[in-house]
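# Survey of secondary and tertiary structure
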Amino acid sequence: MTTQLARTSSDTRTPESKLALQRGHVLVFEHARDVPMGFWERGFSDCWKDFQYYDLIEQTMRRGFDYRYLLVFDENDRPLALQPLLLTNQDLAISAGANVARLVAKLRTHWPNFLKSRIALAGCLVGDGKMGTMESNETAAPLVAEALEKYAGSVGVRLVGFKDFPARMRSAFSSLNQAGYVRVTGFPSLILDLNFAS
């Protein structure tokens, strides 16, 4: 596996979709390497989780996850943020007691997606989330949230959130309370069943 570093804006791939926002628009890219490198450099130059990191995660952590990248622009066509997304199925019965778990397992023999929900999370699969802003976090956050909701709605996802963003981002996300977002102190633990015979 090799990562191509010397990309230019002229070899950009076409976005998967373009969605209108109230005060701008969003381009949705399927892969990290589809996003023009200049946006990665502007949005993620201040941290080690950059293009190479997200590209590596995307290539190695495929089972159970899909990835998208939202490139958010304001109404003047200025780029505000590049937001990586994680898409997965959440088992809503994961913390149920043994009796409920057995009942759910029986029902899933007929309805495999019973009590499962597709979820879209802005952030990163591993560790703290980051909003790759090119303007202030306070300016970008409301449009990134709107872009997340628009994209999720366009692909039938009903549960959205911002995953594991550090405490220093809380002031930027304060406007999201008015949009119906709620801060949760932790996300349920994920279990990885390696299922090896030896």
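Residues numbered from 1 in each chain as written. Predicted model: local features only at pLDDT ≥ 70, side-chain atom pairs only at ≥ 80, totals over all residues. Heavy atoms only, no water.

Turning to empty space enclosed by the protein, a few remarks are in order. For the structure on display, the rule yields one cavity of 30 Å³ or more. The computed volume of the largest cavity comes to approximately 60 Å³. If you go around the largest cavity, the residues you meet are Tyr-54, Ile-57, Tyr-67, Tyr-69, Pro-84, Leu-85, Leu-86, Gly-123, Cys-124 and Leu-125. Among the secondary structure elements, those contributing two or more residues to the lining of the largest cavity are helix H2 (51–60), strand E3 (66–74) and strand E4 (79–91). Per-element tally for the lining of the largest cavity: the top contributor is E4, with three residues. A per-class count over the lining of the largest cavity returns nine nonpolar, one polar and no charged. (1 Å grid on protein atoms, 1.4 Å probe; cavity = no way out; pocket = protein on both sides within 12 Å on 5 of 7 lines; lining within 4 Å. Points joined across faces, edges and corners; volume = space filled by probe spheres on them. Helix = DSSP H or I, 4+ residues; strand = E, 2+ residues; numbered from the N terminus. Nonpolar A, V, L, I, M, F, W, Y, C, P; charged D, E, K, R; others polar.)

So, about the packing of aromatic side chains. For the structure shown, the criterion picks out ten aromatic pairs. Through successive ring pairs, a cluster of aromatic residues spans Trp-40, Phe-44, Trp-48, Phe-51, Tyr-53, Tyr-54 and Tyr-69. (Phe/Tyr/Trp six-rings, centres within 6.5 Å; stacked < 30°, edge-to-face > 60°.)

This brings us to the environment of Met-169. Note on placement: Met-169 falls in the loop between strand E7 (159–162) and helix H5 (170–173). A sequence separation of 32 residues divides Met-169 from Asn-137, and the C-alpha atoms of the two residues are 7.7 Å apart. Apart from residues no more than four positions distant in its own chain, Met-169 is found in contact with Met-131 and Asn-137. (Contact = heavy atoms within 4.5 Å.)

The next thing to look at is the environment of Leu-27. Structurally, the position occupied by Leu-27 is in strand E2 (residues 24–29). Measuring from C-alpha to C-alpha, the distance between Leu-27 and Thr-14 comes to 9.3 Å, with 13 residues separating the pair along the chain. Aside from chain neighbours lying at most four places away, what touches Leu-27 is Pro-15, Ser-17, Lys-18, Tyr-69, Leu-70, Leu-71 and Phe-73.

Moving on, we come to a nonpolar patch on the surface. On the surface, a nonpolar cluster with roughly 470 Å² of combined accessible area is contributed by Leu-92, Trp-111, Phe-114, Leu-115 and Leu-159. Examined against the element boundaries, Leu-115 turns out to sit in the loop between helix H3 (98–108) and strand E5 (116–122). (Patch = residues over 30% accessible without salt bridge, like charges linked within 9 Å, V, L, I, M, F, W, Y side chains within 5 Å. Areas by Shrake-Rupley, 256 points an atom, 1.4 Å probe, with all protein chains shown as cover. Salt bridge = Lys/Arg side-chain N within 4 Å of Asp/Glu carboxyl O.)

Turning to helix H1 (residues 37–44), its buried residues number three or more, namely Met-37, Phe-39, Trp-40, Gly-43 and Phe-44. Down the axis of H1, the sector holding all buried residues measures 160 degrees, keeping them to one side. In the core, the buried residues of H1 are packed alongside H2, E3, E4 and strand E6 (132–133). (Buried < 20%, exposed > 50% of the residue type's maximum accessible area, 1.4 Å probe, protein only. Arc of directions from axis to C-beta.)

Further remarks concern the nonpolar core. Ranked by size, the top nonpolar core spans 30 residues in total, and within it Leu-70, Val-72, Met-131, Leu-148, Phe-162 and Phe-173 carry the most contacts. Elements represented by at least two residues in this core include exactly strand E1 (17–21), E2, E3, E4, E5, helix H4 (137–154) and H5. With nine residues, H4 is the single largest residue contributor to this core. In contact with Met-131, not counting residues within four places along its chain, are Ala-81, Leu-82, Gln-83, Asn-137, Ala-140, Ala-141, Val-144, Phe-165, Met-169 and Phe-173. Formed by 23 residues, the second largest nonpolar core is a distinct cluster that contains Leu-27, Phe-51, Leu-71 and Cys-124. (Core = buried A, V, L, I, M, F, W, Y, C linked by side-chain atoms within 4.5 Å.)

Note that every value here comes from positions in space, so none of it alone points to a role or purpose.
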